[in-house]
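Analysis of the macromolecular model
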2 protein chains.
Amino acid sequence: MLALVLDNSLVRLQRDRERPLSGDGLVRVRTRIAGICNTDLELARGYMGFEGVLGHEFVGEALDGHLAGARVVGGINFSCHDCATCRGGNPRHCPRRTVLGIQGADGAFAEEFLIPGRNLSLVPDSVSDAQAVFTEPLAAACQLVEQLAGEVPPTALVMGDGKLGLLLAQVLAAHACRVELVGRHLDKLGWLGDSGVCLVEELPQGKTWPLVVEATGSREGLEAALQVTSPRGTLALKTTVEGSHELNLAPVVINEIRILGSRCGAFEPALELLERGQVQTEPMIGGRYGLDDGEKAFERAACRGAGKILIEVG
Amino acid sequence: MLALVLDNSLVRLQRDRERPLSGDGLVRVRTRIAGICNTDLELARGYMGFEGVLGHEFVGEALDGHLAGARVVGGINFSCHDCATCRGGNPRHCPRRTVLGIQGADGAFAEEFLIPGRNLSLVPDSVSDAQAVFTEPLAAACQLVEQLAGEVPPTALVMGDGKLGLLLAQVLAAHACRVELVGRHLDKLGWLGDSGVCLVEELPQGKTWPLVVEATGSREGLEAALQVTSPRGTLALKTTVEGSHELNLAPVVINEIRILGSRCGAFEPALELLERGQVQTEPMIGGRYGLDDGEKAFERAACRGAGKILIEVG
């Protein structure tokens, strides 16, 4: 079958990849659409030392298991469900986990791939494939709301108008939060206004927010974010920057700031937001490529401000 | 009157300091015992640019106001109680605040000083002066419990056997938490065992804790602390290191760690712990000096492992 494979820091199309075989709790899924994530680009640069089929954002059709024949999306962490971490209620942090297209498990940029049946969620009929492919990154955005334990403050600042920043802004706005989003490409983001998100070009002087989301992925972003977080406020870290930050942490102690690292999330809240139309994804799509044009798709995804690049498989 | 004054980065005894006058909500307190804090040492090195009488840990006798004649301790933040931050319930973070012996307000290393009457708390009869002088740093330790919103996990690691580390370990142990404390001077800390705190010389390999308290005040401490915080666990920052940290924050995001900055706290929980005898302070005292030996007291306090140096005033 066709597959987009990371091999020796090179993303290349393989035409004769062997079709995977289900079993041991793993079911086969036929990919319909898969999305390129920044993590894919980082993996291609050597992050995590991954080799194999890339791709962890997908909507597909289950080929076996209890959802056979249905349109599905799925959680990317393959957990043991047996260790102390899993039994303690944090299977997404299982120390023995493999991760779809990221760590020890082939991903979704292929005609077919394997995933634990228990990881799959049914896609509601009213949610299109092009919407459903955003479920995984949207779940990651929803995770912040879960970590805030329902206490979303009345105002928030989202720093960064990349894909995750745009999803986060909409998720917070959907939770009755007045969101200001600061970014570089605001001219393209008029549609965000419909979600109640206010676009600002520069940080207003002297203003602080009880919730600040750092989604720029830049080294400077974090220090700037600390400066505009209110005393006893929350600074959410959603992106990782490779290597070390030079960071003055005194404001964290003096202002008693809570820093929340946040990664993957549960799919149900994300699917609900998509079903209720509370998050727009269509304007975020920057291009659609066939799987056999996957290498070009990666080149495009690596361009600044490219938006979400989708790979349409079947 | 006698006062220990920071002037031009020099701590010196002034014999003719003018006695302060009460008024405008400020009452006079006659200092009985005051404690030297690491913050005092940092102030002497130029931190905050403070000039004036040092000292913010005290037990004294109120000379006027509603507690006149009583033994008192008191909160160090002089807040306006009128701004949005104060009215929002966070007066200790008032942006207009002055801080006793730290920022814009003379402190307690003097025969008398001023403090807002509303900041004072009565010291219970069963709590000695030498215990009561620990109320402020103990309140800072209790603040972590308040920030955890009552959810103290069953196990914790405290890194650092300085004064704050020792108080934090005891406070957590008093909240049914099995605490391991890692430090350099464990030989002197046998008494901590009575509080249920377990002393460890080195971090055990591969073990993680749902709560890690960084109280070493060192640059390396924070990075090490991140490594031993469990996924979805909490890392509490209680000390500030001047300047910038070189820090890899990827584990914060990947393991969804919550970093809690924590500074001052309410006095009532601290006084309750002292009254119930759940925190031992006596073994932490490293020396007692008269106010006219204050310069020597500062020299002693600056020595590594000196313990809490007390200044006995009246």
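Before going into details, it helps to say that this report is about the structure given with it. (Residues numbered from 1 in each chain as written. Chains lettered and ligands numbered in written order. Predicted model: local features only at pLDDT ≥ 70, side-chain atom pairs only at ≥ 80, totals over all residues. Heavy atoms only, no water.)

**Focus on the packing of helix α4 (residues 135–147) of chain A against helix α8 (residues 267–275) of chain A**
All names here are of chain A. This is how it is decided: Between N-to-C directions, angles span 0 to 180 degrees; the directions come from axes that are lines fitted to C-alpha atoms, helices contributing only their stretch in contact. Secondary structure elements follow DSSP: runs of H or I of four or more residues count as helices, runs of E of two or more count as strands, with numbering from the N terminus. Any angle that is under 35 degrees is reported as roughly parallel, and any over 145 degrees as roughly antiparallel; angles of 65 to 115 degrees are reported as roughly perpendicular and all others as oblique. Any two residues having at least one pair of non-hydrogen atoms within 4.5 Å are treated as being in contact.
α8 packs onto α4 with a crossing angle of 110° between their chain directions and a minimal axis gap of 8 Å. In terms of orientation, α4 lies roughly perpendicular with respect to α8. Residue-level contacts link Thr-135, Glu-136, Leu-138, Ala-139 and Cys-142 of α4 to Phe-267, Pro-269, Ala-270, Leu-271, Leu-273 and Leu-274 of α8.

**Quick word on the relation of the copies chain B and chain A**
Quick reminder of the rule: Least-squares fitting of one copy onto the other uses the C-alpha atoms of those residues that reach a pLDDT of at least 70 in both copies.
If you rotate chain B by 180° and push it 0.0 Å along the axis, it lands on chain A with an RMSD of 0.0 Å. The operation mapping one copy onto its partner corresponds to a two-fold rotation axis. A shared binding surface is used by both copies, with 100% of the interface residues of chain B retained as interface residues in chain A.

**Thoughts on the state of the cysteines**
Residue and element names in this part refer to chain A. Test applied: Here, the term disulfide refers to a pair of cysteine sulfur atoms separated by no more than 2.5 Å. Buried, partly exposed and exposed residues are distinguished by accessible area as a fraction of the type maximum, computed with a 1.4 Å probe on protein chains only: under 20%, between the cut-offs, and over 50%, respectively.
This model, assessed by the stated rule, comprises zero disulfides over all chains. Left without a disulfide partner, Cys-80 is nearest to the cysteine sulfur of Cys-83, which lies 3.6 Å away. Looking at Cys-80, the relative accessible area reads 27%, which means it is partly exposed. Cys-198 supplies the cysteine sulfur nearest to Cys-177, a cysteine that is in no disulfide, at a spacing of 12 Å. A relative accessible area of 5% means that Cys-177 is categorised as buried.

**Here's the deal with the interface of chain B and chain A**
Rules: The quantity reported as buried area is the accessible area (1.4 Å probe) lost by two parts once they are put together, taken as the sum for both. Throughout this description, the term salt bridge denotes a Lys or Arg side-chain nitrogen within 4 Å of a carboxyl oxygen of Asp or Glu. Polar contact is the term for a pair of N or O atoms within 3.5 Å; when the atoms are in protein, one must be able to donate a hydrogen and the other to accept it, and sequence-neighboring residues count only if both atoms are side-chain atoms. Residues are grouped as follows: Ala, Val, Leu, Ile, Met, Phe, Trp, Tyr, Cys and Pro are nonpolar; Asp, Glu, Lys and Arg are charged; every other residue, Gly included, is polar.
Between chain B and chain A, the residue contacts involve 35 residues of the former and 35 residues of the latter. Across the chain B/chain A interface, buried area totals approximately 3100 Å², and carbon plus sulfur atoms make up 53% of it. Considering only the surface of chain B that becomes buried against chain A, Arg-232, Val-253 and Glu-256 of chain B emerge as the three largest contributors, covering 20% of it. Remark: the boundary between chain B and chain A carries two salt bridges. As a salt-bridge pair, Glu-146 of chain B and Arg-232 of chain A come within 3.4 Å of each other at their nearest N and O atoms. Scanning the region where chain B abuts chain A turns up 15 residue pairs in polar contact (both at pLDDT 80 or more). Mapped by element, the contributors of at least two residues to the side of chain B that touches chain A are α4 (135–147), β16 (229–237), β17 (245–247), α7 (250–254) and β18 (258–261) of chain B. In terms of residue class, the side of chain B that touches chain A is built from 14 nonpolar, 13 polar and eight charged.

These values are about where atoms sit, not about what they do.
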